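Overview (structure and organization)
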Amino acid sequence: MATVVEQPQDAGQPSQDTGTAEATASAAIVEIRSRINEIDDAIIALWKERSALSQQVGKTRVASGGTRLVLSREREIMEKFREALGADGTQVALLLLRAGRGPL
Ligand SMILES: O=C(O)C(=O)C[C@]1(C(=O)O)C=C[C@@H](O)C=C1
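Each value, and the rule that gives it
- Residues numbered from 1 in each chain as written.
- Predicted model: local features only at pLDDT ≥ 70, side-chain atom pairs only at ≥ 80, totals over all residues.
- Heavy atoms only, no water.
- Near = heavy atom within 4 Å.
- Polar contact = N/O pair within 3.5 Å; in protein donor to acceptor, adjacent residues only side chain to side chain.
- Areas by Shrake-Rupley, 256 points an atom, 1.4 Å probe, with all protein chains shown as cover.
- Helix = DSSP H or I, 4+ residues; strand = E, 2+ residues; numbered from the N terminus.
- Nonpolar A, V, L, I, M, F, W, Y, C, P; charged D, E, K, R; others polar.
- Expected span 1.5 Å × (residues − 1).

This paragraph deals with the site of the ligand. Taken together, Arg-50, Ser-54, Val-57, Arg-61, Leu-69, Val-70, Arg-73, Glu-74, Ile-77 and Leu-97 make up all the residues around the ligand. Within the side chain of Arg-50, a nitrogen or oxygen atom sits 2.8 Å from an oxygen atom of the ligand. Arg-61 is positioned such that a nitrogen or oxygen atom in its side chain is 2.7 Å from an oxygen atom of the ligand. Its free accessible area being 360 Å², the ligand has 88% of it covered by the protein chains. For the shell around the ligand, the secondary-structure elements that each account for two or more residues are helix 1 (23-63) and helix 2 (71-85). Tallied by class, residues from the shell around the ligand come to 5 nonpolar, 1 polar and 4 charged.

As structure tokens, then:
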């Protein structure tokens, strides 16, 4: 049986390995991937912006004598993500909150 060996891509280069040798399907995949790449870039930018804003809120609150965390607010955010995305939403929310908190 032939062994398929994945070739490493150049760092920073979008992959053109579509996983199919069929030209029409391959062209469609390249097109769809272009939008996926835009979405990933937007998610990364929003993730970083949210994290910075969350840290700003935390610093503002602690500097004013408040608590570092507000668990009722965290529950509200986790519930929003769970309602929108199901069980995976809860995991996403936990990661988002962790990114904003930094190390405890
Ligand atoms: O909304 C706040 O009060 C925040 O501090 C932001 C944030 C968040 O990342 O959403 C972070 C920590 C808190 O425990 C709750 C929420």
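Now that the structure is up, let's keep going.
Right, let's get into helix 2. A rise of 1.5 Å per residue sets the reference length of helix 2, with its 15 residues, at 21 Å; its end C-alpha atoms lie 21 Å apart and thus fit the reference within 8%. In the stretch just after helix 2, Gly-86 is the one whose phi turns positive, near 75 degrees.

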